Amino acid sequence: MQVLPFVFSLLVALALTPPALTRLSEGGATRENYRGRLLPVPIGIVIVPAALIALIPVALLARLTDLDIYPDNLGFAIVFVPGIALLGLIDDALSGPGRGWRGHGKDVLSGGLSTGLLKAGGTLGLALVVASSLPGSDAEFLLAAAVLVLATNSFNLLDLRPGRSVKAFVLLGIALTISTQNTAALAGLGIFIAPVLVAGFFDLREKAMLGDTGSNAIGALAGLWIVLTLDSSGQLIALLILLLVNIYGEFRSISKVIERLPGLRHLDSLGRPT
């Protein structure tokens with residue numbers, strides 16, 4: 001019965017997303033995508049409300065029936081993902097696209113407000129809280145926190161083309177679940193995964209853009225999936241990969257790398273409107 005949180009949040013997300021698109025458009029919350037199309041942004045705002053509203057039937061069923069409906073790892077997602085999404089929403093509202101760490105650094109040096117550094121500090125604080133609840137040594141605690149922080153930013157860096165970040169997230173989840181045979185993490189994160197898939201579909205079809213609100217929430221889920229399924233050796237490998245993605249994405253174009261590789265280029269464009 002632990003699939004029910006996923007089902008409930010999927011239904012809520014399907015109901016919330018179309019009116020959210022309308023409200024964003026009517027309110028002027030739009031931005032040009034890489035092809036110059038003016039799209040509502042951030043459609044990632046539906047992810048957290050859909051999950052939290054889905055908690056209503058989940059909590060009632062858990063309390064009033066004998067159903068084993070609460071996944072073991074649900075608490076980690078409830079703590080981490082909404083906070084990260086809020087930080088992304090602040091970045092969407094106050095910063096706009098394409099700032100990068102160097103851009104945020106210039107803001108600080110000029111005496112301005114850097115939403116990127118606010119997001120980085122807030123993400124680190126949340127990551128440390130979540131990692132402190134995981135079993136392991138002090139070194140393992142710091143490793144898990146670093147994975148959570150870098151995963152969150154990595155998926156923000158990937159979100160430069162429609163559907164790219166959600167495709168990477170799905171592939172990561174499949175790889176982690178198959179390689180570790182760990183379905184507990186999938187169940188625990190499912191209440192947020194469902195609305196991510198809905199928002200990601202609209203992003204892929206160029207009906208809207210996820211914004212930092214959505215891409216950071218996806219990155220938070222990816223980081224949680226990694227630390228909940230992999231041992232310290234696996235997390236260390238993941239950390240090195242995420243570090244490379246962050247460094248490369250800051251100074252070079254990830255999109256150009258994908259365009260140069262035929263297999264990745266095909267996968268990256270799959271599902272987008274022509």
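The text that follows walks through the structure, step by step, so that each part is easy to find. As the structure is a computational prediction, the values presented were derived from the model and not from experiment. (Residues numbered from 1 in each chain as written. Predicted model: local features only at pLDDT ≥ 70, side-chain atom pairs only at ≥ 80, totals over all residues. Heavy atoms only, no water.)

1. Details of the layout of surface pockets
Link 1 in the chain: The computed volume of the second largest pocket comes to approximately 430 Å³.
Link 2 in the chain: What lines the second largest pocket is a set of 18 residues, among which Phe155, Leu172, Ile241, Leu242 and Val245 lie closest to the centre.
Link 3 in the chain: The set of elements that each furnish at least two residues to the lining of the second largest pocket consists of α6 (138-158), α7 (164-180), α9 (211-229), α10 (232-251) and α11 (254-260).
Link 4 in the chain: Element by element, the count of residues in the lining of the second largest pocket is highest for α10, at seven residues. (1 Å grid on protein atoms, 1.4 Å probe; cavity = no way out; pocket = protein on both sides within 12 Å on 5 of 7 lines; lining within 4 Å. Points joined across faces, edges and corners; volume = space filled by probe spheres on them. Helix = DSSP H or I, 4+ residues; strand = E, 2+ residues; numbered from the N terminus.)

2. As for the pattern of salt bridges
Link 1 in the chain: Using the criterion set out here, one finds six salt bridges in the structure.
Link 2 in the chain: For Arg35, the salt bridge is made with Glu206, and the minimal N-O distance between the two is 2.5 Å. Here Glu206 lies in the loop between α8 (184-204) and α9 and Arg35 lies in the loop between β1 (30-32) and β2 (38-40), a separation of 171 residues in the sequence.
Link 3 in the chain: A salt bridge links Asp268 to Arg272; the shortest N-O distance between them is 3.0 Å.
Link 4 in the chain: Linked by salt bridges that have partners in common, Arg35, Arg37 and Glu206 make up one network. (Salt bridge = Lys/Arg side-chain N within 4 Å of Asp/Glu carboxyl O.)

3. Examining the environment of Ala187
Link 1 in the chain: Here Ala187 is to be found in helix α8.
Link 2 in the chain: The spacing of Ala187 and Leu240 is 53 residues in sequence and 27 Å in space, taken between C-alpha atoms.
Link 3 in the chain: Excluding its chain neighbours within four sequence positions, the residues that come into contact with Ala187 are Gln2 and Pro71. (Contact = heavy atoms within 4.5 Å.)

4. Remarks on the packing of α7 against α9
Link 1 in the chain: As a packed pair, α7 and α9 sit with axes 10 Å apart at the nearest point and diverge in direction by 10 degrees. Taken together, the axis directions place α7 and α9 in an arrangement best described as roughly parallel. Of α9, the residues touching α7 (which contributes Ser165, Val166, Phe169, Leu172, Gly173, Leu176, Thr177 and Thr180) are Ile218, Leu221, Ala222, Trp225, Ile226 and Thr229.
Link 2 in the chain: Across the contact of α7 with α9, the residue classes tally to nine nonpolar, five polar and no charged. (Axes fitted to C-alpha atoms, helices over the stretch in contact; angles between N-to-C directions. Parallel < 35°, antiparallel > 145°, perpendicular 65-115°, else oblique. Nonpolar A, V, L, I, M, F, W, Y, C, P; charged D, E, K, R; others polar.)

5. Notes on the packing of aromatic side chains
Link 1 in the chain: In the structure shown here, the tally under the stated rule is two aromatic pairs.
Link 2 in the chain: Seen in terms of ring centroids, Phe201 and Phe202 are 5.9 Å apart; in terms of plane orientation they differ by 90 degrees. Their pairing is edge-to-face.
Link 3 in the chain: Note on Phe202: relative accessible area 17%, which makes it buried. (Phe/Tyr/Trp six-rings, centres within 6.5 Å; stacked < 30°, edge-to-face > 60°. Buried < 20%, exposed > 50% of the residue type's maximum accessible area, 1.4 Å probe, protein only.)

6. Some thoughts on the nonpolar core
Link 1 in the chain: Core analysis: the biggest nonpolar cluster contains 67 residues, and Ile43, Phe169, Phe192 and Leu224 have the highest contact counts within it.
Link 2 in the chain: Not counting residues up to four positions away in its chain, the partners in contact with Leu224 are Phe76, Ala77, Phe80, Val81, Val130, Leu148 and Leu189. (Core = buried A, V, L, I, M, F, W, Y, C linked by side-chain atoms within 4.5 Å.)

7. Topic: the side chain of Asp268
Link 1 in the chain: As for its placement among the helices and strands, Asp268 is situated in helix α12 (residues 262-269).
Link 2 in the chain: We classify Asp268 as buried; its relative accessible area is 5%.
Link 3 in the chain: Not counting residues up to four positions away in its chain, the partners in contact with Asp268 are Arg161, Pro162, Arg164, Lys167 and Ile258.

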